[in-house]
Amino acid sequence: MAYDLTDKIALVTGASRGLGHAVAEALAARGAHVIALARTVGALEELDDRIQAAGGSATLAPIDLTKEDAVAGICRAIYDRWGRIDLLVHCAVHAPTLSPVDHAAPKDYAKTFATNVEATQRVIRMVAPLLNEAAEGRAIFCADPRAGEKFFGLYGASKAAEAALVASWAAETVRTGPKVASFTPAPMPTATRARFFPGEDRTGLSAPAAEAKRLLALLDA
């Protein structure tokens, strides 16, 4: 039986492009009001245009998840307006330059872990109370198991740490909620993948819309 998203409040991070953009569109098409978070204002406005053209609704939140005050501010605004979040889909990610571990620049390490690990924990910490106000709060995080692959040292380590946080939270909330899940998308022709595999033949890659459909199927299971 399909999970009813009508009038649900869905928070999507990394919504300006790629999978996050596609998920936001798909959620709005199923009746959710989407709160779209990203740093790129222009891309968020394009998303809003597409959602409105299809008859959906969205609220745009151009913020940087690595900023504590910014995340606290949007969560407070959500509470004041809606009192809850029914669904969190966390797609925000930073893709550092690939390099051998012993050549990784300190600034790349700092930015990668600030976005992929620290921001994820910040989102969990600040969104959890809002999810707990929903009748059946849910959270979905995007995984990318690259740990141990050559040249993926920083990225792989950060995504492994993120996965550990998510797995622990999922185990901790089995009885109390929210319901926490992890989703591993198939390779997609996104800007993130292009940083890792420039010049790749993209004809065999899965479209973000197709992966968004697979992600939302977790809600129907």
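Keep in mind that this is a model prediction, so the values were computed, not measured.

**Q** I keep staring at a positive patch on the surface and nothing clicks. Help me out?
**A** Taken together, the side chains of R17, R39, K111 and R195 define a basic patch exposed on the protein surface. Relative to the helices and strands, R17 is located in the loop between β1 (9-13) and α1 (18-29). Look at R17 and you get partly exposed, because its relative accessible area is 47%.

**Q** Just checking my understanding: could you explain the pairing of strand β5 (residues 138-142) for this structure?
**A** Side-chain direction in a regular strand flips from residue to residue, so the side chains alternate between the two faces of the sheet. Burial within β5 is extensive, with five of its five residues counted as buried. Alternating positions in β5 separate into two faces, R138, I140 and C142 on one and A139 and F141 on the other, with burial throughout. Both strand β4 (residues 87-90) and β5 contribute to a ladder of four bridges, which runs parallel. The residue of β5 that forms the bridge with L87 is R138.

**Q** I tried to follow the environment of V93 on my own but got confused; where do I start?
**A** Relative to the assigned elements, V93 resides in the loop between β4 and α4 (106-132). Taking the C-alpha atoms as reference points, V93 and A114, separated by 21 residues in sequence, lie 10.0 Å from one another. When sequence neighbours within four positions are dropped, the list of residues in contact with V93 reads T115, N116, Y155, K159 and T192.

Rules used in this analysis
- Residues numbered from 1 in each chain as written.
- Predicted model: local features only at pLDDT ≥ 70, side-chain atom pairs only at ≥ 80, totals over all residues.
- Heavy atoms only, no water.
- Patch = residues over 30% accessible without salt bridge, like charges linked within 9 Å, V, L, I, M, F, W, Y side chains within 5 Å.
- Areas by Shrake-Rupley, 256 points an atom, 1.4 Å probe, with all protein chains shown as cover.
- Salt bridge = Lys/Arg side-chain N within 4 Å of Asp/Glu carboxyl O.
- Lys, Arg positive; Asp, Glu negative; His and termini not counted.
- Charge placed at Lys NZ, Arg CZ, Asp CG, Glu CD.
- Helix = DSSP H or I, 4+ residues; strand = E, 2+ residues; numbered from the N terminus.
- Buried < 20%, exposed > 50% of the residue type's maximum accessible area, 1.4 Å probe, protein only.
- Pairing = 2+ DSSP bridges.
- Contact = heavy atoms within 4.5 Å.

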